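What the coordinates show
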Amino acid sequence: MSSVKVESVVKEHAGIGEGPLWEESDQTLLFVDIAGQKIHRWSAATNQVHSLKTGDTVGFAVPRRSGGYVAGVGRSIVAVDWTTQKVTSLVNVEDDKPENRLNDGKVDPMGRLLAGTMRKDAQTAQVKPGSLYMVNSDLSVTKLLSQVDISNGMDWTQDLKTFFYIDSLALSVDAFDYDSSTGHLVNRRVVYRMEEGEGLPDGMTLDADGRLWVACYDGGRVIHIDPGTGKRLRTVSLPAMKTTSCCFGGPDYSELFVTSASLGLDPSQLQKQPQAGHTFRVTGLGVKGRPSNSFAG
């Protein structure tokens with residue numbers, strides 16, 4: 001196996017960098033800064049970052065089949081026209097919960113968007129205030145799960161029969177049977193329980209072999225998990241403790257991109273972690289990822 005190399009590719013100090021997604025057509029990395037209220041696009045060819053201000057917290061941004069992007073801004077699913085920098089609300093969730101916001105979101109292979117919520121101030125969270133929703137192509141919204149603390153990482157197996165999900169404060173990676181025709185979830189079970197020192201499970205992605213890569217918030221690492229056995233296969237250490245999410249991209253999806261956060265670090269911690277909030281590229285892993293999906297709505 002080639003040696004693993006970790007390098008900082010986006011050297012901006014994101015408050016909470018999140019939701020990386022590789023855009024094959026443009027060879028760009030799409031990601032957000034939740035606290036900075038921005039969507040970013042980093043070009044691998046030019047090493048330039050272009051950004052769009054969202055005006056509120058932004059939990060995720062994903063491509064849209066009809067062009068542009070769809071993002072989770074505040075409690076709204078919005079359409080984003082990158083060319084005009086225009087943001088248009090499509091549908092809201094949880095109008096009765098102004099203390100909540102959208103967090104992580106991902107599109108399934110059928111083109112449906114799954115997006116979860118959490119309390120804006122996670123430190124004062126009431127018991128399980130969040131939910132997980134599915135947004136269909138007609139913009140109808142279905143609640144898939146309630147009683148969620150911090151809705152985070154998600155992905156699907158190649159055969160669409162299993163959905164992996166992270167509610168961060170549960171300190172586990174869970175699996176559900178996934179009904180690909182309806183998106184409904186049943187038979188929840190734990191596939192991996194976080195160990196001492198690994199931090200909180202945050203964003204995640206599946207590789208082409210069906211194994212999980214989980215970013216560990218306050219753990220400074222990404223862990224590689226075999227969901228079949230529940231075993232951790234290896235650990236990739238990052239020079240930022242608040243690692244937040246990851247995705248594969250680059251040539252043949254052979255590179256792992258990892259976002260991180262700097263919000264909440266005091267001056268002495270920032271001095272010890274000068275790359276906190278950067279986005280990193282990990283090469284030499286010897287595995288490949290899979291292309292992302294675009295929202296059909």
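The preceding data block contains the structure.
Residues numbered from 1 in each chain as written. Predicted model: local features only at pLDDT ≥ 70, side-chain atom pairs only at ≥ 80, totals over all residues. Heavy atoms only, no water.

Now for the pattern of salt bridges. All told, the structure shown has 14 salt bridges when counted by the stated rule. Through salt bridges that share partners, Glu7, Glu255 and Arg281 make up one connected network. (Salt bridge = Lys/Arg side-chain N within 4 Å of Asp/Glu carboxyl O.)

What follows is about the pairing of strand E12 (residues 130-135). Of all six residues that make up E12, six are buried, and the element is covered over most of its length. What you see with E12 is no split at all: Gly130, Leu132 and Met134 on one side and Ser131, Tyr133 and Val135 on the other are buried throughout. Sheet topology places strand E11 (residues 113-119) next to E12; four bridges connect them, and they run antiparallel. Following the sheet pairing, glycine 116 is matched in E12 by leucine 132. Pairing of E12 with strand E13 (residues 141-148) involves five bridges; the strand directions are antiparallel. The partner of glycine 130 across the bridge, within E13, is valine 148. (Buried < 20%, exposed > 50% of the residue type's maximum accessible area, 1.4 Å probe, protein only. Helix = DSSP H or I, 4+ residues; strand = E, 2+ residues; numbered from the N terminus. Pairing = 2+ DSSP bridges.)

Inspection of the secondary structure assignment puts arginine 281 in strand E24 (residues 279-283). We classify arginine 281 as buried; its relative accessible area is 18%. Ignoring any residue separated from it by four or fewer positions in sequence, one finds arginine 281 in contact with Lys5, Val6, Glu7, Val9, Trp42, Glu255, Leu256 and Phe257. (Contact = heavy atoms within 4.5 Å.)

Notably, glutamate 94 is not glycine yet its phi reads approximately 50°, a positive angle. You can see glutamate 94 is positioned in the loop between strand E9 (86-92) and strand E10 (100-107). Of the residues examined, glutamate 94 reaches a relative accessible area of 7% and is grouped as buried.

Turning next to the sheet that holds strand E15 (residues 162-167). The strand order across the open sheet built from four strands is E14-E15-E16-E17, with neighbouring strands paired in antiparallel fashion. The outermost strands of the open sheet, each flanked by one partner alone, are strand E14 (151-156) and strand E17 (185-193). Across the sheet, the axes of successive neighbouring strands diverge by a mean angle of 25°, strand direction being ignored. Strand direction decides the pairing type here: E14 and E15, joined by four bridges, are antiparallel. The partner of serine 151 across the bridge, within E15, is aspartate 167. (Axes fitted to C-alpha atoms, helices over the stretch in contact; angles between N-to-C directions.)

For the rest of this paragraph, the subject is the environment of lysine 231. Within the fold, lysine 231 resides in strand E21 (residues 231-237). For lysine 231 and tyrosine 192, which are 39 residues apart along the polypeptide, the C-alpha to C-alpha distance reads 7.3 Å. If near-sequence neighbours (up to four positions away) are discounted, lysine 231 is found in contact with His224, Ile225 and Asp226.

To continue, consider the nonpolar core. Formed by 29 residues in total, the largest nonpolar core has its most connected members in Ile39, Val62, Ala71, Ile77, Val80 and Leu113. Of all elements in the fold, only strand E3 (28-33), strand E6 (58-63), strand E7 (69-73), strand E8 (76-81), E10, E11 and E12 reach the threshold of two or more residues within this core. Those residues in contact with isoleucine 77 that lie beyond four places of it in its chain are Phe60, Val70, Ala71, Thr88, Ser89, Leu90, Val91, Leu102, Leu113 and Val135. Membership of the second largest hydrophobic core comes to 23 residues, among which are Val10, Trp22, Phe248 and Val282. (Core = buried A, V, L, I, M, F, W, Y, C linked by side-chain atoms within 4.5 Å.)

Turning to the sheet that holds strand E19 (residues 212-217), a few remarks are in order. A sheet is described by the order of its strands in space; here four strands give the open sequence E18-E19-E20-E21, paired in antiparallel fashion. This sheet does not close on itself; its edge strands, each paired only once, are strand E18 (200-206) and E21. Shown here is a sheet whose adjacent strand axes are inclined to one another by a mean of 25°, direction ignored. Of the pairings in the sheet, the one linking strand E20 (residues 221-226) to E21 comprises six bridges and is antiparallel in character. When the sheet's bridge partners are listed, histidine 224 is paired in E21 with arginine 234.

Note that every value here comes from positions in space, so none of it alone points to a role or purpose.
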